[in-house]
Amino acid sequence: MTDLSSSGTRRTGGTAHSNGRGLTGLLLVSAPVALLGWLIIYPIFNAIARTLVAPTETGSEFSLDTYVRFFSDGYSLANLWLTLWVTAVCAALLLAICLPLALYLRFAKSRVAGVVQGLALFPMFVPSVILAYALIRTIGPNGGVDLVLNALGLPKIASPYLTPWGPIIGLVWDNIPLTTLMLVAGLGAVSDNAVEAARDAGARPLALLRHIILPQIGNAMLVVLSFTVLSIFSAFTLPYVLGPASPEMMGPFMQRTFSQVMDTRMAVTQAVITFGICAVFGAFYVRSIAKNREARR
């Protein structure tokens, strides 16, 4: 009886201790969760509600008129298509540039790798406004590239400034550091022993990349694409300064609709549509994180 009583007491004490730890954990996360709900969740649902309620003479009523206007307006659809196209091109270019760079930084053992890493991370410390000005002075009309070509007696090239390729160049440059860091972190899961074993078995570099490395970093690449798409799709400064006036990307389009056209409800509708597209890629990121946690258990 004494043993049973002692055992029951220990179980009760352990349960109480676990409940206390669970309550402490909930208290610790309550503040950031409340802040998240106040600053992000509530504004999202408030914005969606504002787009679905149209003011009338007698009050308000449910209406989808702003969504109908957006998807029936050729200019709005052109802006959305340009944003999607720029995002897709930037994501493809970032993977093409940063994956080889990350592979080199992960497996290189020389001192040159440290210099390459410093150069790859340098754009992280350059503000977007400064980057935009530097690109204008470099690739803009009568910029540095034109001066060099003129000095060499070569014809000028068509400047990407104020074309869709202007923000593409700026956004790719601006996102290289974060993309490279995330890919290097994902490559950390690749075992050196597995790579060396494949090399000893006669695997060539392409086969090594396809059969050993890529299967292990597929999840990391999905996270990289999600972050890249979210960053580029919501960009404002570089598309506003470097991009064309018509059509324009969604960031400048929303700002102009709000501040110049003074159509607040339409600007919120554009924001909701943008959020809906970004939420799809956010869902991929959340799913990727959930799969990582399940794999660790």
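Residues numbered from 1 in each chain as written. Predicted model: local features only at pLDDT ≥ 70, side-chain atom pairs only at ≥ 80, totals over all residues. Heavy atoms only, no water.

Within the protein chain one finds 12 helices and two strands. Traced from its N-terminal end to its C-terminal end, the protein chain shows the element sequence α-β-β-α-α-α-α-α-α-α-α-α-α-α. Across the 297 residues in the protein chain, those meeting the buried criterion constitute 32%. By element, 68% of the accessible surface of the protein chain is carried by carbon and sulfur atoms, the whole surface being about 18100 Å². (Helix = DSSP H or I, 4+ residues; strand = E, 2+ residues; numbered from the N terminus. Buried < 20%, exposed > 50% of the residue type's maximum accessible area, 1.4 Å probe, protein only. Areas by Shrake-Rupley, 256 points an atom, 1.4 Å probe, with all protein chains shown as cover.)

The next thing to look at is the packing of aromatic side chains. For the structure on display, the rule yields four aromatic pairs. Ring geometry for Tyr75 against Phe253: centres 5.7 Å apart, planes inclined by 85°, an arrangement best described as edge-to-face. Of this pair, Tyr75 sits in helix H3 (residues 74–107) while Phe253 sits in helix H11 (residues 250–259); the two residues are 178 residues apart in sequence, bridging distant segments of the chain. Since its relative accessible area comes to 27%, Tyr75 is described here as partly exposed. (Phe/Tyr/Trp six-rings, centres within 6.5 Å; stacked < 30°, edge-to-face > 60°.)

Once that is clear, we can look at the environment of Trp173. In this structure, Trp173 sits in helix H7 (residues 165–187). Ignoring anything within four residues of it in the chain, the contact list for Trp173 reads Phe122, Pro123 and Leu131. (Contact = heavy atoms within 4.5 Å.)

Turning our eyes to something else, we now look at unusual backbone geometry. With omega at -10°, the peptide bond leading from Ser246 into Pro247 counts as cis. With respect to the secondary-structure elements, Pro247 resides in the loop between helix H10 (237–242) and H11. At Asn142, a position not held by glycine, the phi torsion is positive, near 60°. By the element assignment, Asn142 lies in the loop between helix H5 (128–139) and helix H6 (144–151). Phi is positive for Leu162, which is not a glycine, with a value near 65°. Within the secondary structure, Leu162 is located in the loop between H6 and H7.

Now for the environment of Val86. With respect to the element layout, Val86 can be found in helix H3. On the basis of relative accessibility, which here comes to 1%, the residue Val86 falls in the buried class. For the pair Val86 and Trp165, spaced 79 residues apart in sequence, the C-alpha to C-alpha distance is 8.1 Å. For Val86, the residues in contact, after removing those within four places along its chain, are Pro164, Ile168, Leu171 and Met249.

What follows concerns the side chain of Glu248. By the secondary structure assignment, Glu248 is in the loop between H10 and H11. A polar atom in the side chain of Glu248 sits 2.9 Å from the side chain of Tyr75. Each residue touching Glu248, except ones within four places of it in the same chain, is listed here: Tyr75, Asn79, Leu82, Thr83, Phe253 and Arg256. (Polar contact = N/O pair within 3.5 Å; in protein donor to acceptor, adjacent residues only side chain to side chain.)

On the surface, a nonpolar cluster with roughly 730 Å² of combined accessible area is contributed by Leu35, Leu36, Trp38, Leu39, Ile40, Ile41 and Phe45. Inspection of the secondary structure assignment puts Phe45 in helix H1 (residues 2–52). (Patch = residues over 30% accessible without salt bridge, like charges linked within 9 Å, V, L, I, M, F, W, Y side chains within 5 Å. Salt bridge = Lys/Arg side-chain N within 4 Å of Asp/Glu carboxyl O.)

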